[in-house]
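Remarks on the overall topology
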Amino acid sequence: MLTNLPIFDQAGGMARFASARQRIVAENLAHADNPGFRARDLPPFAEFVRRERFGGSPGLASEQPKATRPGHARRLDAVPPAQALPAPRELDTPIAPNGNNVVIEEQTLLGAEAAGQHRLAMSVYAKSLDLLKIGLGRLR
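Below: a short report on this structure.

Rules used in this analysis
- Residues numbered from 1 in each chain as written.
- Predicted model: local features only at pLDDT ≥ 70, side-chain atom pairs only at ≥ 80, totals over all residues.
- Heavy atoms only, no water.
- Phe/Tyr/Trp six-rings, centres within 6.5 Å; stacked < 30°, edge-to-face > 60°.
- Helix = DSSP H or I, 4+ residues; strand = E, 2+ residues; numbered from the N terminus.
- Salt bridge = Lys/Arg side-chain N within 4 Å of Asp/Glu carboxyl O.
- Buried < 20%, exposed > 50% of the residue type's maximum accessible area, 1.4 Å probe, protein only.
- Axes fitted to C-alpha atoms, helices over the stretch in contact; angles between N-to-C directions.
- Parallel < 35°, antiparallel > 145°, perpendicular 65-115°, else oblique.
- Left-handed = near helix turned anticlockwise from the far one by under 90°.
- Nonpolar A, V, L, I, M, F, W, Y, C, P; charged D, E, K, R; others polar.
- Contact = heavy atoms within 4.5 Å.

Counting across every chain of the model gives two aromatic pairs. Ring geometry for Phe-8 versus Tyr-125: centroids 5.0 Å apart, planes at 70°, classification edge-to-face. Here Phe-8, found in helix H1 (residues 6-30), pairs with Tyr-125, found in helix H4 (residues 104-136); they are 117 residues apart in sequence, far enough to count as distant.

What follows is the structure, given as structure tokens:
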């Protein structure tokens, strides 16, 4: 039986990463006029994956699913925990006289990049699922 396919874990991790990055960009834009606010961003996804695979300190921990019935415990053991997301880091951009370093144009580009990452992750997930269905003879 096919279980724990890495491509689905990777696509799901990239989608969660892109979603978290989009949230941070939205926060940065929301605080663009606040004096003293410092813009943040996540490290590149590739850097995060390398750190998770080859050692290093994990990011934020994710909550583990809980079994609600005795028969569920066996299935939940096979489900790997969701990849923890890295902690945001402060951007190194010029600081305005009010102490704020949010550059609206840069944040717009980062938001578009995060949206593209999410679309890519969802495409990889969908196409991988299609390949499995073809292999099982269930795709028409």
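If you walk through the whole model with that rule in mind, you get five salt bridges. Between Arg-40 and Glu-27 there is a salt bridge, with the nearest N and O atoms lying 2.7 Å from each other. Residue Arg-40 is located in strand S1 (residues 40-41), and its partner Glu-27 is located in helix H1; the two are separated by 13 residues in the primary sequence. Residue classification places Arg-40 among the partly exposed residues on the basis of a relative accessible area of 28%. Overlapping salt bridges, with partners in common, bring together Arg-21, Asp-41 and Glu-113 in one network.

Quick look at the packing of H1 against H4 now. Axis separation between H1 and H4 bottoms out at 8 Å; the angle between their running directions is 160°. The orientation of H1 relative to H4 falls into the category roughly antiparallel. When the axes of H1 and H4 are compared, the crossing they make is left-handed. Residues belonging to the contact of H1 with H4 are distributed by class as follows: 20 nonpolar, seven polar and two charged.

You can see Leu-42 is positioned in the loop between S1 and helix H2 (45-53). Put simply, Leu-42 and Phe-17 are 25 residues apart on the chain and 8.5 Å apart in space, counted from C-alpha to C-alpha. With near-sequence residues (within four places) excluded, Leu-42 lies in contact with Phe-17, Ala-20, Arg-21, Ile-24, Pro-86, Ala-87, Pro-88 and Arg-89.

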